[in-house]
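Next come the chains, spelled out residue by residue.
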Amino acid sequence: PAPRQPPDPHHIQPSRPGTALTPPGLAGAAGAQGMGLPSPGMPAQPVPQAPVNTGQTDRFSSVFNPALSAVVDVVGDYVDVDGHSDDSGLDVGLRAFEVGINSWVDPLAWFYAIAVATEEELAIEEAAIHYLGLGPNTTLRVGRFFIDFGRQMQWHPHELRTVERPLPLRTYLGEEAGGDGLQFDHWFGVGDATLVRWSVGAFANLAGEHEHGEEHEGEEEAEVIVPGRKDLDEFNLTARLTAFTELSDSTMLQLGASARAIPEYGLEYEAEEVDGLSNVVYGTDLTWTWIDDTGTERWTLGGEYLLSTGDTGAEIDAGAISVFDDSVGGWFAYVDYAWDPFNRSGIQYARTELPSSADLTQGELEVYYTRLFSEFHRLRLAVGLVDGDEEPDSTRVALQYTAVVGAHNHGINW
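Colleague: Account for the overall build of the protein, naming residues and giving values.
Modeller: For the protein, the helix and strand inventory stands at one helix and 19 strands. Classification of the 414 residues of the protein by burial places 49% in the buried group. Intrachain contacts of the protein at a sequence separation of at least 6 include 59% that bridge at least 24 residues. Counting only carbon and sulfur atoms, one obtains 58% of the accessible surface of the protein, whose full area is about 18700 Å².

Below, the structure is given as structure tokens:
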């Protein structure tokens, strides 16, 4: 038999005679396992439709059968750092092992949880309930989850189009940006060719590792301090507004705007403490896609711009905390091409002003090739070049090998 093909790699099914525009994330999953290896510019996460039997049981029953998944993400790379032989060389390791569970609680609510083991720790990265009873096209998410910012912050690293998250996102929001809170989502149609979605969220703490301060000469990092019980104006907030529209039967355009605000946090290092800090990051994103007659997303062009304002970072020097408060910005752009449903390649470039000073920048170029053996089995080769004003230039050749088993689903993302 012919090998099973990956699902059509586009977020919204294009309108055709007799069909309706389908919002991304609501298309059915392909294959017996459910959704496999989605990525920005590739298949979106489906939202499960409530079954007649939710699978719930009484205390004496053993028929409960949630959807389970496991992900293995292995990365091997060779890094050459100019003038630093100790930091150069070959490394191979398990970047992450992820276990997920999805299940309906009742016909109007479902939940998922994601546990991830890395070399450093075992953590519950996401655990959230999605309540669908507030009205059509509306979701209330409560628990722990990644923030709704741009096109890529909602995704785990193995789901990305590139090996690493783009440089501006890592610099201003962190490798992963998530927290405990709630988020309200709603989407609606405008005419026959446009979909609009908006969300607002409130979290207990979004001050991630990028706020800790930089380590110098072996000194420890500063500890982030956030208010425990908060006034309403101290909650960390997120917001996103985005729209998809069909420019023609074969081209689509997405525009988006996002914000993440931390109105109150502090830093502590030994006997020194700095209070009254705040930070807001704004972002805009643009994605254009061209879909061929077979339904394959052939070309994808996209980019994002981020602006970090307020207290943008800190460093520890000679035992003292120095806070940076200059507004800094960064951007990235990419071109992605699908040779066929199994093979993709692309190039991405990013440039970012560093939190320590808008006069200092860092650039990152990544060229990649992705081979999809199936929608659950992937190999990626990437070459990355980094140049900057603070760190030495470096070259990285990375091979990423990822496999998914089971129903892999984190919720709406577009």
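Having put the structure on the table, let's press on.
Colleague: Lay out the pairing of strand S19 (residues 394-406) with the relevant residues and their values.
Modeller: Relative to S19, strand S1 (residues 67-81) runs antiparallel, the two being bridged by 13 bridges. Within S19, the position partnered with Val-71 by the bridge is Val-404. Two elements, strand S18 (residues 377-388) and S19, share ten bridges in a ladder whose sense is antiparallel. Of the residues in S19, the one forming a bridge with Gly-384 is Arg-396. Linkage of S18 to S19, two consecutive antiparallel strands, is achieved through a turn of five residues.

Colleague: Which residues make up unusual backbone geometry, and what values go with them?
Modeller: The phi dihedral of Asn-137 falls on the positive side, at around 60°, and the residue is not glycine. With respect to the element layout, Asn-137 can be found in the loop between strand S4 (122-131) and strand S5 (138-146). For Asn-137, a relative accessible area of 34% puts it in the partly exposed group.

Colleague: Describe the environment of Glu-176, naming the residues involved and giving the relevant values.
Modeller: Position of Glu-176 relative to the elements: it lies in the loop between helix H1 (167-172) and strand S6 (178-190). The class of Glu-176 is partly exposed, set by a relative accessible area of 29%. Along the sequence, Glu-176 and Trp-155 sit 21 residues apart, while their C-alpha atoms lie 8.5 Å from each other. Excluding anything up to four places from it in sequence, Glu-176 contacts Glu-125, Phe-146, Met-153, Pro-157 and Arg-165.

Colleague: Describe in detail the pattern of salt bridges, supporting the description with residues and values.
Modeller: Where side chains of opposite charge bring their charged atoms close, a pairing between them can arise. All told, the structure shown has 14 salt bridges when counted by the stated rule. In this structure, Asp-77 engages Arg-396 in a salt bridge whose closest nitrogen and oxygen atoms are separated by 2.8 Å. Of this pair, Asp-77 sits in strand S1 while Arg-396 sits in strand S19, and the two are 319 residues apart along the sequence. Across the pair Arg-197 and Asp-185 runs a salt bridge, and its minimum N-O distance is 2.3 Å. One end of the pair, Arg-197, is in strand S7 (residues 194-203); the other, Asp-185, is in strand S6, and twelve residues separate them in sequence.

Colleague: Which residues make up the nonpolar core, and what values go with them?
Modeller: Within soluble globular proteins, side chains that are nonpolar tend to cluster in buried spots. Counting 36 residues, the largest nonpolar core has Phe-149, Leu-173, Leu-267, Leu-306 and Ile-321 as its most contacted members. Looking at this core, the elements that each hand over two or more residues are strand S2 (89-106), strand S3 (109-117), H1, strand S10 (251-269), strand S11 (272-291), strand S13 (313-317) and strand S15 (328-340). The residues touching Ile-321, leaving out its near neighbours within four places in the chain, are Ala-222, Leu-267, Glu-268, Tyr-269, Glu-272, Val-274, Ala-314 and Glu-315. Residues Leu-195, Phe-244, Met-252 and Ile-291 belong to the second largest nonpolar core, which totals six residues.

Colleague: So what's going on with a negative patch on the surface? Which residues, and what values?
Modeller: On the surface, Asp-325, Asp-326, Asp-359, Asp-389, Glu-390 and Glu-391 cluster together to form a negatively charged patch. Along the chain, Asp-389 turns up in the loop between S18 and S19.

Colleague: I'd like a description of the side chain of Glu-234, backed by residues and values.
Modeller: Within the element layout of this structure, Glu-234 appears in the loop between strand S8 (223-225) and strand S9 (236-246). Ignoring any residue separated from it by four or fewer positions in sequence, one finds Glu-234 in contact with Pro-227, Arg-229, Pro-263 and Glu-264.

Colleague: Outline the pairing of S2, listing residues and values.
Modeller: Along any regular strand the residues' side chains alternate between the sheet's two faces. As paired elements, S1 and S2 share 13 bridges and run antiparallel to each other. Bridge assignment links Val-74 to a residue of S2, and that residue is Leu-94. One ladder, built from nine bridges, connects S2 with S3; its direction is antiparallel. Within S3, the residue paired with Val-99 across the bridge is Ala-115. Between S2 and S3, which pair antiparallel and follow one another directly, the connecting turn spans two residues.

Colleague: Lay out the packing of aromatic side chains in plain terms, naming residues and giving numbers.
Modeller: Applying the stated rule across the entire model yields six aromatic pairs. Centroid distance Tyr-337 to Trp-339: 4.9 Å. Interplanar angle 90°. Geometry classified as edge-to-face. For the cation-ring pair, Arg-161 lies above Tyr-334, with the distance from its terminal atom to the ring centre recorded as 3.4 Å.

Conventions we followed
Residues numbered from 1 in each chain as written. Predicted model: local features only at pLDDT ≥ 70, side-chain atom pairs only at ≥ 80, totals over all residues. Heavy atoms only, no water. Helix = DSSP H or I, 4+ residues; strand = E, 2+ residues; numbered from the N terminus. Buried < 20%, exposed > 50% of the residue type's maximum accessible area, 1.4 Å probe, protein only. Contact = heavy atoms within 4.5 Å. Areas by Shrake-Rupley, 256 points an atom, 1.4 Å probe, with all protein chains shown as cover. Pairing = 2+ DSSP bridges. Salt bridge = Lys/Arg side-chain N within 4 Å of Asp/Glu carboxyl O. Core = buried A, V, L, I, M, F, W, Y, C linked by side-chain atoms within 4.5 Å. Patch = residues over 30% accessible without salt bridge, like charges linked within 9 Å, V, L, I, M, F, W, Y side chains within 5 Å. Lys, Arg positive; Asp, Glu negative; His and termini not counted. Charge placed at Lys NZ, Arg CZ, Asp CG, Glu CD. Phe/Tyr/Trp six-rings, centres within 6.5 Å; stacked < 30°, edge-to-face > 60°. Lys NZ or Arg CZ within 6 Å of the ring centre and 35° of its normal.

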